[in-house]
Amino acid sequence: MSDELTIELTEAEDRGRYEAHVEGSNATAELTYRYLADDLIVAEHTLVPEAFRGRGIAARLVQQLVTDARDRGLKILPQCSYVRSAFERHPEWRDLLGNRS
């Protein structure tokens, strides 16, 4: 099985979902978020199927979230424990941290 990965974003109403698809597999990893304000999103949940853990897929989902948030002028409130720990490992992302006002 290939490690080729594609990530797609879908948004509907006040929610968004990144889906990572590994070539040659029907399994999908995901990172979900919701908007708290026009410029603030809450990263709620990250899930990688057990068979694909340890390949850096969750890290790539978070990186895509961070890249897109930076491009769109959004702040991120990391409710998900994985996203929160990723922010702790990447101090260069601190400017994107949001908070509940």
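Conventions adopted
Residues numbered from 1 in each chain as written. Predicted model: local features only at pLDDT ≥ 70, side-chain atom pairs only at ≥ 80, totals over all residues. Heavy atoms only, no water. Pairing = 2+ DSSP bridges. Helix = DSSP H or I, 4+ residues; strand = E, 2+ residues; numbered from the N terminus. Axes fitted to C-alpha atoms, helices over the stretch in contact; angles between N-to-C directions. Buried < 20%, exposed > 50% of the residue type's maximum accessible area, 1.4 Å probe, protein only. Arc of directions from axis to C-beta. Contact = heavy atoms within 4.5 Å. Polar contact = N/O pair within 3.5 Å; in protein donor to acceptor, adjacent residues only side chain to side chain.

**Q** Would you mind going over the sheet that holds strand E3 (residues 28–37) in detail, with residue names and values included?
**A** Whenever strands of a sheet pair, they do so through backbone hydrogen bonds, lying parallel or antiparallel. The sheet built from 5 strands is open, its strands ordered E1-E2-E3-E4-E5 with mixed pairing. Of all the strands in the sheet, just strand E1 (5–12) and strand E5 (75–78) have a single pairing partner and so form its edges. Going from strand to strand, the sheet's axes swing by 25° on average, the running direction of each strand aside. Two strands pair when backbone bridges link them, and strand E2 (residues 15–22) and E3 are joined in this way by 7 bridges, in the antiparallel orientation. Pairing of Arg17 across the sheet is with Thr32, part of E3.

**Q** Provide a residue-level description of helix H2 (residues 81–89), including the pertinent values.
**A** Taken residue by residue, H2 has Val83, Ala86 and Phe87 as its buried positions. Seen from one end, H2 has its buried residues packed into an arc of 100°, which puts them on one side. Exposed residues pointing more than 90 degrees away from the buried face of H2 are listed as Ser81 and Glu88. Buried residues belonging to H2 abut E3, strand E4 (40–47), helix H1 (57–72) and E5.

**Q** A description of the side chain of Glu30 should follow, citing residues and the corresponding values.
**A** Mapping Glu30 onto the fold places it in strand E3. Look at Glu30 and you get buried, because its relative accessible area is 13%. Only 2.3 Å separates the side chain of Glu30 from the side chain of Arg17, close enough to count as a polar contact. Not counting residues up to four positions away in its chain, the partners in contact with Glu30 are Arg17, Tyr18, His45, Thr46, Leu47 and Leu61.

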